[in-house]
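Structural characterization, general
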Amino acid sequence: MSFFADHLLSLIVFLPMLGALLALAFPREEHSGVRGFALALSVIDLALALWLWRRFDPSNTGMQLYELVAWIPSMGISYSVGVDGVSILLVVLTAFLAPLVILSTYSSVTERIREYLVCLLFLQTGMLGAFVATDLFLFYVFWEVMLVPMYFLIGIWGGRRRIYAAVKFFLYTMAGSLLMLVAILYLVYAVRDQGGLTFSYLEVVRRLGTADLGGAELWLFAAFALAFAIKVPMFPFHTWLPDAHVEAPTGGSVVLAGVLLKLGTFGFLRYALWMFPKAAVVFLPALGLLAVIGIIYGALVSMVQTDFKRLIAFSSVSHLGFVMLGLVAMTVSGVAGGILQMFNHGISTGALF
């Protein structure tokens, strides 16, 4: 029992991936069996997430349930995960939506059930891992892990224009991801003089407190911010979302609106705004303006939609604009309101489907 308690986060993250691999052993035409297996696995993962919630101490402001294992010591890369007051909400939200999405397959998916569930389970591992990773390289790995199964979910089980929507989603996300990777590598190299190479998020933040990046801080913030702005998505980087929403299968749309978009706002709060506060101050007025434009634009366009999925897509642009406005306000009440809206939006959009 102590082993499970000590490695609870790893169990929550990798149980869906293990389930995806085991699901491949089911015969292709064994639809009810693989559905039941995936559903049971997601319910177990939800139970573990609730156990995590129970063990979490809200009075502790640091990272909790921390796990650290050396991965590539020569480059300062480690497998390190932990949760704080923001990430635990999103972990529970992800685990809560997973069984509902799998339940929806009983009526919404009739072909290639096994492969569909494998993609969903892999996607769940990527999302959970990105929320709990405390190593920059590990975070990037999980960030990219999410891209592939979502691409297949849209491209294989989507609507009439699914290939167009899948490629557009892939290109937008990949463009932001590559910029973020360059920023991560530059950042780690820039602070190496204070103790060698390390990708540890906590250690990099500590070193940034005394490091002078000069004008590079603006470019680093811009690279991180662009990657997260595409994922939110903020205006004017939102154009991939309506196509992805409309063409994605129902389960994919629930995951997309309920969890995937939150990775953008989570990334702003955890990485861009926290690691580069001086650069953030310079960009805050522009980010606030884009958030307000997104709120108004998304709401107005939503009013004239006749397609339900496209309506949710544009309303999500508006709702996530409120989240961003709260985060860039940089006040306790603003950030708390933004986090609350992230959780609320995940529940409400999932319920709409």
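Refer to the structure printed above.
Just so it is clear, the model here is predicted, and its values are computed rather than measured. Each chain has its residues counted from 1, following the order in which its sequence is written. In keeping with the predicted nature of the model, local features appear solely for residues at pLDDT of at least 70, side-chain atom pairs appear and are counted solely at 80 or more, and the whole-chain, interface and lining totals rest on all residues. With hydrogens and water excluded, all non-hydrogen atoms of the structure serve as input to the side-chain values.

**A look at helix H6 (residues 136-145)**
- In this scheme, a residue with accessible area under 20% of its type's maximum is buried, one over 50% is exposed, and one in between is partly exposed, where area comes from a 1.4 Å probe on protein chains only. To qualify as a helix, a DSSP run of H or I must reach at least 4 residues; to qualify as a strand, a run of E must reach at least 2; elements of each kind are numbered from the N terminus. Most of H6 is tucked away, with 7 of its 10 residues classed as buried.
- Where H6 is concerned, the buried positions are Leu136, Leu138, Phe139, Tyr140, Phe142, Trp143 and Glu144.
- Under the rule applied, a polar contact is a pair of N or O atoms within 3.5 Å (in protein, one hydrogen donor and one hydrogen acceptor; residues adjacent in sequence only if both atoms are side-chain atoms). For H6, the capping residue at the N-terminal end is Asp135, with a side-chain oxygen 3.0 Å from the backbone nitrogen of Phe137.

**Details of the environment of Val86**
- Checked against the element boundaries, Val86 lands in the loop between strand S2 (77-83) and helix H4 (87-108).
- By relative accessible area, Val86 is classed as buried at 15%.
- Put simply, Val86 and Pro242 are 156 residues apart on the chain and 27 Å apart in space, counted from C-alpha to C-alpha.
- Here Val86 is in contact with Phe266, Leu269 and Ile339, once residues within four sequence places are set aside. Should any heavy atoms of two residues lie within 4.5 Å, those residues are considered in contact.

**As for the pattern of salt bridges**
- Whenever a carboxyl oxygen of Asp or Glu lies within 4 Å of a side-chain nitrogen of Lys or Arg, that contact is scored as a salt bridge. A full pass over the atoms with the stated rule returns 7 salt bridges.
- The salt bridge involving Arg207 is made with Glu203; its shortest N-O contact spans 2.9 Å. Of the two residues, Arg207 and Glu203 are both situated in helix H9 (residues 201-208); the distance of 4 residues between them amounts to about one turn of the helix.
- For Glu203, a relative accessible area of 22% puts it in the partly exposed group.
- Notably, a salt bridge pairs Asp243 with Arg310, separated by 3.9 Å at the nearest N-O pair. One end of the pair, Asp243, is in helix H11 (residues 240-247); the other, Arg310, is in helix H15 (residues 308-328), and 67 residues separate them in sequence.
- Linked through salt bridges whose partners overlap, the residues forming this network are Arg161, Lys168, Asp243 and Arg310.

**A short note on the nonpolar core**
- If you look at the biggest cluster of nonpolar residues, it comprises 112 residues, and the most contacted ones within it are Phe224, Phe268 and Phe276.
- Examining the composition of this core, we find that 13 residues originate from one element, helix H5 (residues 113-132), more than from any other.
- When residues no more than four places from it in sequence are discounted, the contact partners of Phe268 are Ala225, Phe228, Ala229, Val232, Met234, Leu273, Trp274, Leu287 and Met324. Residues belong to one nonpolar core when they are buried, are Ala, Val, Leu, Ile, Met, Phe, Trp, Tyr or Cys, and are joined through side-chain atoms within 4.5 Å.

**Notes on the environment of His319**
- Examined against the element boundaries, His319 turns out to sit in helix H15.
- Overall, His319 belongs to the partly exposed group, its relative accessible area being 30%.
- Taking the C-alpha atoms as reference points, His319 and His345, separated by 26 residues in sequence, lie 7.4 Å from one another.
- Sequence-distant contacts of His319, that is, excluding residues within four places in its chain, are made with Gln341 and His345.

**Some remarks on the pairing of strand S1 (residues 64-72)**
- By this definition, two strands are paired if DSSP reports at least two bridges between them. One ladder, built from 6 bridges, connects S1 with S2; its direction is antiparallel. Residue pairing in the sheet places Leu68 in a bridge with Ser80 of S2.
- In sequence, S1 turns back onto S2 through a hairpin of 4 residues, with Gly76 there showing a positive phi of about 75°.

**So, unusual backbone geometry**
- Following Val232, the chain continues into Pro233 via a peptide bond in cis, with omega recorded as -10°.
- Here Pro233 shows up in the loop between helix H10 (216-231) and H11.
- Its identity as a non-glycine residue notwithstanding, Leu65 has a phi of 55°, on the positive side.
- Along the polypeptide, Leu65 turns up in strand S1.
- The phi torsion at Met330 lies on the positive side, around 55°, for a residue other than glycine.

**Remarks on the side chain of Arg114**
- With respect to the helices and strands, Arg114 occurs in helix H5.
- Residue classification places Arg114 among the buried positions, given a relative accessible area of 13%.
- Separated by 2.8 Å, the side chain of Arg114 and the backbone oxygen of Phe26 make a polar contact.
- Those residues in contact with Arg114, other than ones at most four positions away along the chain, are Ala23, Leu24, Phe26, Pro27, Arg28 and Val34.

**Notes on the environment of Val323**
- In this structure, Val323 sits in helix H15.
- For Val323, a relative accessible area of 1% translates into the label buried.
- Distance in space between the C-alpha atoms of Val323 and Ile295 is 9.8 Å, their sequence separation being 28 residues.
- With residues near it in sequence (within four places) discarded, Val323 still touches Thr265, Gly338, Gln341 and Met342.

**Re the packing of helix H13 (residues 262-275) against H15**
- To obtain each axis, a line is fitted to C-alpha atoms, and for helices this fit is confined to the stretch in contact; angles are then taken between N-to-C directions over 0 to 180 degrees. Viewed as axis vectors pointing N to C, H13 and H15 meet at an angle of 10°, and their least axial separation amounts to 10 Å. By the angle between their axes, H13 is roughly parallel relative to H15. Here H13 contributes Lys262, Thr265, Phe268, Leu269 and Leu273 to the contact with H15, which in turn contributes Leu320, Val323, Met324 and Leu327.
- Looking at the contact of H13 with H15, its residues break down into 7 nonpolar, 1 polar and 1 charged. Angle categories: roughly parallel below 35 degrees, roughly antiparallel above 145, roughly perpendicular from 65 to 115, and oblique for all the rest. Note on residue categories: nonpolar means Ala, Val, Leu, Ile, Met, Phe, Trp, Tyr, Cys or Pro, charged means Asp, Glu, Lys or Arg, and polar means any other residue, Gly included.

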